[in-house]
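Below, each chain spelled out in residue letters.
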Amino acid sequence: DAMVIQNPRYQVTQFGKPVTLSCSQTLNHNVMYWYQQKSSQAPKLLFHYYDKDFNNEADTPDNFQSRRPNTSFCFLDIRSPGLGDAAMYLCATSSVTDTQYFGPGTRLTVL
Amino acid sequence: QKEVEQDPGPLSVPEGAIVSLNCTYSNSAFQYFMWYRQYSRKGPELLMYTYSSGNKEDGRFTAQVDKSSKYISLFIRDSQPSDSATYLCAFQRSYNTDKLIFGTGTRLQVFP
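Residues numbered from 1 in each chain as written. Chains lettered and ligands numbered in written order. Predicted model: local features only at pLDDT ≥ 70, side-chain atom pairs only at ≥ 80, totals over all residues. Heavy atoms only, no water.

Turning next to the nonpolar core. Counting residues in hydrophobic clusters, the biggest one holds 25 residues, and the most contacted among them are Trp35(B), Ile72(B), Leu74(B), Tyr87(B) and Phe91(B). Mapped onto this core, the elements with two or more residues apiece are strand 3 (19-25), strand 4 (32-38), strand 5 (45-50), strand 7 (61-66), strand 8 (71-76), strand 9 (85-92) and strand 11 (106-111) of chain B. Val4(A), Val19(A), Phe47(A) and Cys91(A) belong to the second largest nonpolar core, which has 18 residues in total. (Core = buried A, V, L, I, M, F, W, Y, C linked by side-chain atoms within 4.5 Å. Buried < 20%, exposed > 50% of the residue type's maximum accessible area, 1.4 Å probe, protein only. Helix = DSSP H or I, 4+ residues; strand = E, 2+ residues; numbered from the N terminus.)

This is the structure:
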């Protein structure tokens, strides 16, 4: 089945220790998104890639970076995680003819 | 005025009940209307999407959109305990790269 895959599902890191979250997709969608979702809140868009073009949301902290080496993969890098960055990180994909489909998420804990 | 408003619940109903979930919005530019279901500690799962006023049915689920009133609803018939989840309404101006604007989600509990 075509799908959006996120690894790892659970990630524990220490305060200030860089962490990378991974997303891959078999839908061949040209747009990939990263959302942050905190407990009992709606997902909040951090940034997205339209093909190789990176689009950052205005209020996304500089601490969050992203890479998309090819159509199928996208990474979220958190350079210096703080306690406030503990959240579920959701990857989603879409195309010009289809809405967004989400992966299962990575739950990040910051100690 | 918030761009999207959704009653957070929780909503607790007996198995077999008809459930009505609702969202209002203020942005007339929204053209696409979605409902996502999110189980605890999982990613949102697309349930329904539509781009026109009226009703769209899929099994036990019916999505209703009223653009003139800026109001959307999701109806669940014959609710099951497996329907227990948080339901998020979402809005988009266009498919292509436009971000989803989510409601805060309504938590639904269906008890046997």
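This part takes up the sheet that holds strand 7 of chain B. Residue and element names in this part refer to chain B. Spatial strand order, 1-3-8-7-6: five strands in an open sheet with antiparallel pairing. Two strands close off the open sheet at either side, each with one partner strand: strand 1 (4-6) and strand 6 (54-58). The sheet shows a mean angle of 15 degrees between the axes of neighbouring strands, taken without regard to direction. Of the pairings in the sheet, the one linking strand 1 to strand 3 comprises three bridges and is antiparallel in character. Residue Gln 6 lies in a different strand from strand 3, and its bridge partner there is Cys 23. (Pairing = 2+ DSSP bridges. Axes fitted to C-alpha atoms, helices over the stretch in contact; angles between N-to-C directions.)

Each partner contributes residues to the interface: chain A has 26 residues there, and chain B has 20 residues. Interface of chain A and chain B: buried area, both sides summed, is about 1,800 Å²; carbon and sulfur atoms make up 56% of it. When the area that chain A buries against chain B is broken down by residue, the three leading residues are Thr99(A), Gln100(A) and Phe102(A), summing to 26%. Counting across the interface, chain A meets chain B through one salt bridge. The residue Glu57(A) makes a salt bridge to Lys99(B) at a minimum N-O spacing of 2.9 Å. Taken together, chain A and chain B are joined by five residue pairs in polar contact (both at pLDDT 80 or more). Listed by contribution, the elements that provide at least two residues to the side of chain A that touches chain B are strand 4 (31-37), strand 5 (44-50), strand 9 (87-95) and strand 10 (98-102) of chain A. Sorting elements by how many residues they give to the side of chain A that touches chain B places strand 10 of chain A first, with five residues. (Contact = heavy atoms within 4.5 Å. Buried area = accessible area lost by both parts, 1.4 Å probe. Salt bridge = Lys/Arg side-chain N within 4 Å of Asp/Glu carboxyl O. Polar contact = N/O pair within 3.5 Å; in protein donor to acceptor, adjacent residues only side chain to side chain.)

Residue and element names in this part refer to chain A. A one-sided burial pattern is seen for strand 11 (residues 106-110), the buried positions being Thr 106, Leu 108 and Val 110 and the unburied ones Arg 107 and Thr 109. Bridge count for strand 2 (residues 10-13) against strand 11 is four bridges, and the pairing is parallel. Across the sheet, residue Tyr 10 finds its bridge partner in strand 11, namely Arg 107.

By themselves, these figures tell us nothing about what the structure is for.
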